[in-house]
Amino acid sequence: MKVEKWNLGVLLCLSLVALGTCPLRPRAAAFAATAARTADDAKRCAYTFLIPQQQITGPICASITGPQADEERVTRMDISVLRDVLSKQRREIETLQLVADVDGNLVNEMKLLRKESRNMNSRVTQLYMQLLHEIIRKRDNSLELAQLEARVLNVTSEMLRLASRYKELEMRFASLAATVNNQSVLISALEERCGRAYSRHEPPAVPPLVQVVPESIPVAAGRFTNEIQRDHSNRAFPRGSRMEVPPTTDPLGVPLPPQGTLTSDGPFRDCFSVRQAGHSNSGMYLLKAEGSDKLIQAWCEHGLDNGGWTVFQRRKDGSVNFFRNWENYKKGFGNIDGEYWLGLENIYSLAKQGDYRLLVELEDWVGKKIYAEYSSFRLEEESDSFRLRLGSYQGNAGDSLTSHNGKPFTTLDRDKDSFTGNCAHFHKGGWWYNACGQTNLNGVWYSGGVYRSKFQDGIFWAEYGGGFYSLKSVRMMIRPID
Ligand SMILES: [Ca+2]
């Protein structure tokens, strides 16, 4: 019964479809008749449907709205278009996927590159810093190098200079050595001749040694010493009979003179005039003797016995060689503020201006000062070899100079003494020798007092210490008689 009803419905439907008013919905129609594929076919209804036998258990619904419009129908073409579109979209999606994958790879790559770039940047910065450091270091190095080069150049030039100087000195040395050699030869020849001369007559003449005052030489101090010494404090030299003056003070009881300098005043006729002009400082002054055009630089001593003393000879430290020839003794030599000899010419000119007296000041190696004063002093002119003219003695040093009174001056190259040989050779200095004498204040400056030598060639004053005691300092000075 039911089957019949279903079949009836289908038929009805088909007929309605034929009329274009099939009540079945497209889905239902498709479901019901898979064979009806196209709209044209449906319109024609020329198909035979084989509907399976199905038991209808529920009510059969018929559509009351009628079939849908054609444009809303899904056709095979639509589906195919759709499929095309889908496949196209799928391809596009695949393409996009591909692109996306590629992009992703690119992004990763980009990230890696960025990271690498960052690393590279830091590396570049590091290298840049290193480079900068290197540049600075090299600049410093080049500066140092330049300095070193300059120093090397300096040292090289200095070396060259020294080398040339050395060569020069070597040549001079060679020349001096040759001179010395020649002189040695000459000396030996002369010695030989002397020997022959003496052997024919009598034994070689050596000047008689002046008396040594035995009691004046301290035994404990060591008798023979002429080595250069700096410490003389142990060289005691007591001389009992002449210890009236304390060792540390001046023989005339006046404090030691201060050092002075040459003033702009002057020239003066002598140091007494300097003193009278109001100058009370001892020092160098410019003098000009009456009747002479020659200016004389001399040391004026104003700290001794009211001052006004013109110092013409001074020994104090052995800094000046006094073993010199006539010309030197005539003109003068040495340093005005140190050891010096004013010159026989100058002494002569000064002393002939009036009546002068002479003061000889002596100092021993314990600092004791003694003096010998002569009431008058002058020299004869050069033609008479500056013969010494002395007055009477007074003082505490003993009179060792009177024996030289009236004697001409002798130097190593001008022998005017009364000895067979030249006293200046034996006593190593110019002096008014007799044959040869009791004193020579122009001898060798021996340090320490008692000295050892073949001849009495020290600065000795026989009456004070004997011939083998060399005084520490001496001064000879003149002043007009009051
Ligand atoms: Ca002689």
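Here the structure is shown first, and the text comes after it.
A brief report on the enclosed structure follows.

Cut-offs used in this document
Residues numbered from 1 in each chain as written. Predicted model: local features only at pLDDT ≥ 70, side-chain atom pairs only at ≥ 80, totals over all residues. Heavy atoms only, no water. Disulfide = S-S within 2.5 Å. Helix = DSSP H or I, 4+ residues; strand = E, 2+ residues; numbered from the N terminus. Buried < 20%, exposed > 50% of the residue type's maximum accessible area, 1.4 Å probe, protein only. Contact = heavy atoms within 4.5 Å.

1. Here's the deal with the state of the cysteines
Next up, step 1: Under the counting rule described, the total for this entry stands at two disulfides.
Next up, step 2: Across a sulfur-sulfur distance of 1.9 Å, Cys271 and Cys300 are joined as a disulfide pair. Across the S-S bond linking Cys271 and Cys300, the dihedral sits near -75 degrees, which makes this disulfide left-handed. One end of the pair, Cys271, is in helix α5 (residues 271–276); the other, Cys300, is in strand β2 (residues 295–301), with 29 residues separating them in the sequence.
Next up, step 3: Looking at Cys271, the relative accessible area reads 0%, which means it is buried.
Next up, step 4: Using a relative accessible area of 0% as the deciding quantity, one classes Cys300 as buried.
Next up, step 5: The partner cysteine of Cys423 in its disulfide is Cys436, sulfur to sulfur 1.9 Å. On the S-S bond that ties Cys423 to Cys436, the torsion sits near -85 degrees, and the link is left-handed. With Cys423 in helix α8 (residues 423–427) and Cys436 in the loop between α8 and β10 (439–440), this pair connects stretches of sequence that are 13 residues apart.
Next up, step 6: Classification of Cys423 by relative accessible area gives buried; the value is 0%.

2. Some words on the environment of Arg414
Next up, step 1: Among the structural elements, Arg414 can be located in the loop between β9 (393–395) and α8.
Next up, step 2: Judged by relative accessible area, Arg414 falls into the partly exposed class, the value being 32%.
Next up, step 3: Along the primary structure Arg414 and Ala424 are separated by 10 residues, whereas in three dimensions their C-alpha atoms are 8.8 Å apart.
Next up, step 4: Here Arg414 is in contact with Trp326, Glu382 and Phe409, once residues within four sequence places are set aside.

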